[in-house]
Amino acid sequence: MRLVLASASPARRAVLRAAGVEPDVVVSDVDEEAVLAALGEASPAERVTALALTKARVVAGRVAEEVDGTGTAFDGVVIGCDSMLELEGELVGKPGTVEAARGRWDQMAGGYGELLTGHAVIRVRAGAPEAEISGHAATMVTFGSPTTAELEAYLGSGEPLSVAGAFTLDGLGGWFVEGIQGDPSNVVGISLPLTRHLLGELGVAVSDLWASTGRPAG
């Protein structure tokens, strides 16, 4: 059984690989701003979940059309995710620029925020999406207070510009995270416990995915 990750995030892929699954990566190229605009008034959890589901649906539609050299249709699951940080009542994504990331850290330093990740899993079989399920996970993150020199060096690395909340747990940003309450894999971008639950609801055991990598299920 194949697992397709509807995300270009190397961190999400690394989490799955460390957990015994080698995902195929298919990027959805969804217009996230358009999806959020269409939602109107929605909770932070509803926003990240809607984005994850939209990404997964786009990619599921693509892979459902695939046929291998033996004429066999795609058989597997597609997982979509989207992460944002709720900070002082505001939902923030990737800062994109050094200035925006610096402003984000001015807010975060010495404080805390809630990292939300929407998840969507779609079962694709016999050339069509068969079933889908979605949900979200939330993890509280307590931030340290980097010195001016440390923050400027971190901003100069480029890492915080392209990640939700302008920080990472599994990279350079981990130096400035004092603690978390909840699932650490969720902070990285994909919650393994929630993903296992969603897969199970669709009748897929994680051991089926381990087997597809050729690694022992033990």
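About the thresholds
Residues numbered from 1 in each chain as written. Predicted model: local features only at pLDDT ≥ 70, side-chain atom pairs only at ≥ 80, totals over all residues. Heavy atoms only, no water. Buried < 20%, exposed > 50% of the residue type's maximum accessible area, 1.4 Å probe, protein only. Helix = DSSP H or I, 4+ residues; strand = E, 2+ residues; numbered from the N terminus. Pairing = 2+ DSSP bridges. Arc of directions from axis to C-beta. Contact = heavy atoms within 4.5 Å. Polar contact = N/O pair within 3.5 Å; in protein donor to acceptor, adjacent residues only side chain to side chain. Salt bridge = Lys/Arg side-chain N within 4 Å of Asp/Glu carboxyl O.

### A look at the pairing of strand E3 (residues 76-87)
Stage number 1. Counting buried positions along E3 yields 11 of 12 residues, so the element is predominantly enclosed.
Stage number 2. As paired elements, strand E1 (residues 2-5) and E3 share 4 bridges and run parallel to each other. Bridge pairing links Arg 2 to Gly 76 in E3.
Stage number 3. Sheet analysis places E3 next to strand E5 (residues 112-125), joined by 11 bridges and oriented antiparallel. Bridge pairing in E5 links Met 84 to Leu 116.
Stage number 4. Examined bridge by bridge, E3 and strand E4 (residues 90-92) share 3 bridges and lie antiparallel to one another.

### Considerations on unusual backbone geometry
Stage number 1. Located in the positive-phi region is Glu 88, a residue other than glycine, with phi close to 50 degrees.
Stage number 2. Given a relative accessible area of 63%, Glu 88 falls into the exposed group.
Stage number 3. Backbone geometry places Ala 166, a non-glycine residue, at a positive phi of 65 degrees.
Stage number 4. The topology assignment puts Ala 166 in the loop between helix H5 (148-157) and strand E7 (177-181).
Stage number 5. By relative accessible area, which is 0% here, Ala 166 ends up buried.

### Remarks on helix H1 (residues 10-18)
Every α-helical turn comprises 3.6 residues, leaving residues that sit three or four positions apart pointing alike.
Stage number 1. For H1, the complete set of buried residues consists of Ala 11, Arg 12, Val 15 and Leu 16. With its buried residues spanning 140 degrees around the axis, H1 presents them on a single face. Structural note: H1 exposes Pro 10 and Ala 18 on the side pointing more than 90 degrees away from its buried face.
Stage number 2. Looking at the packing, one finds that the buried side of H1 touches E1, E3, helix H6 (184-188) and helix H7 (192-201).
Stage number 3. For H1, the N-terminal cap is Ser 9; the gap from its side-chain oxygen to the backbone nitrogen of Ala 11 is 3.3 Å.

### Points about H7
Stage number 1. For H7, every residue scored as buried is listed here: Leu 194, Thr 195, Leu 198 and Leu 199. Viewed along the axis of H7, the buried residues span an arc of 135 degrees, placing them on a single side of the element.
Stage number 2. Residue Ser 191 occupies the N-cap position of H7, its side-chain oxygen lying 3.2 Å from the main-chain nitrogen of Leu 194.
Stage number 3. The positive-phi residue at the C-terminal boundary of H7 is Gly 203, with phi of around 80 degrees.

### Some words on the pattern of salt bridges
Stage number 1. According to the stated counting rule, one finds 10 salt bridges in the structure shown.
Stage number 2. Residue Asp 24 is joined to Arg 2 by a salt bridge in which the shortest nitrogen-to-oxygen separation is 3.0 Å. Here Asp 24, found in strand E2 (residues 24-25), pairs with Arg 2, found in strand E1; they are 22 residues apart in sequence, far enough to count as distant.
Stage number 3. On the accessibility criterion, Asp 24 (31% relative accessible area) is partly exposed.
Stage number 4. A salt bridge links Glu 132 to Arg 57, with the nearest nitrogen and oxygen atoms 2.5 Å apart. Highlighted residues: Glu 132 in strand E6 (residues 128-143) and Arg 57 in helix H3 (residues 44-63), separated in sequence by 75 residues.
Stage number 5. For Arg 57, a relative accessible area of 46% translates into the label partly exposed.
Stage number 6. Overlapping salt bridges bring together Arg 2, Asp 24 and Glu 66 as one network.

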